[in-house]
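# A closer look at the structure
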Amino acid sequence: MSVAEGFFVDWDGNIRSTAEPGGGYLCETDTVARYVAITTKTGTLVHEGTFYKTVEDVAKAGIKATLVPASHPWGSKEDGF
């Protein structure tokens, strides 16, 4: 897998960039399989998602979500984050 610029939906239903997912996480993408693995810097898998090349592609898939910046927090205190 490699890093390809695109987007995915996080566990809170937000759209995030694969280039800057935030939270100190990294993304590995497989554009052929349309797969995104979100990992910690040590390689622990924390989330999996579908790769979308553009935000418009997310909308075409019927997903209504907001694009958030990398500074937007993942999860909440109630979630243990």
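Each remark here, short or long, concerns the structure printed above.
Residues numbered from 1 in each chain as written. Predicted model: local features only at pLDDT ≥ 70, side-chain atom pairs only at ≥ 80, totals over all residues. Heavy atoms only, no water.

Turning next to the pairing of strand β3 (residues 26-30). Covered by surrounding structure in β3 are C27 and T29 only, the residues L26, E28 and D30 on the alternate face being uncovered. Of the pairings in the sheet, the one linking β3 to strand β4 (residues 35-39) comprises 5 bridges and is antiparallel in character. Its bridge partner lying in β4, D30 is registered against Y35. Hairpin remark: β3 followed by β4, antiparallel, with 4 residues in the connecting loop; positive phi at R34, about 60 degrees. (Buried < 20%, exposed > 50% of the residue type's maximum accessible area, 1.4 Å probe, protein only. Helix = DSSP H or I, 4+ residues; strand = E, 2+ residues; numbered from the N terminus. Pairing = 2+ DSSP bridges.)

Considering all chains together, one arrives at 4 aromatic pairs under this definition. Arranged with centres 5.1 Å apart and planes meeting at 85 degrees, the rings of Y25 and W74 form a pair that is edge-to-face. Of the two residues, Y25 is situated in the loop between β2 (15-17) and β3 and W74 in the segment after α1 (55-60); the sequence distance between them amounts to 49 residues. In this structure Y25 comes out as buried when scored by relative accessible area, which is 15%. Aromatic rings pair up to connect F8, W11, Y25 and W74 into one cluster. (Phe/Tyr/Trp six-rings, centres within 6.5 Å; stacked < 30°, edge-to-face > 60°.)

Our focus in this paragraph is the pairing of strand β5 (residues 45-50). Two faces belong to every sheet, and in a regular strand the side chains alternate between them. Bridge count for β4 against β5 is 5 bridges, and the pairing is antiparallel. Note that in β5 the partner of V36 across the bridge is G49. Where β4 folds back on β5, the antiparallel hairpin that results is connected by 5 residues, among which G43 adopts a positive phi of roughly 100 degrees.

Further remarks concern the sheet that holds β3. The 3 strands lie next to each other as β3-β4-β5, forming an open sheet whose pairing is antiparallel. In the strand order of this sheet, the two ends are held by β3 and β5, each with one partner. This sheet shows a mean twist of 20 degrees between the axes of neighbouring strands, independent of strand direction. (Axes fitted to C-alpha atoms, helices over the stretch in contact; angles between N-to-C directions.)

This part takes up unusual backbone geometry. One can expect most non-glycine residues to show negative phi and most peptide bonds to be in trans. Unlike most non-glycine residues, R34 shows phi in positive territory, near 60 degrees. Classification of R34 by relative accessible area gives partly exposed; the value is 43%.

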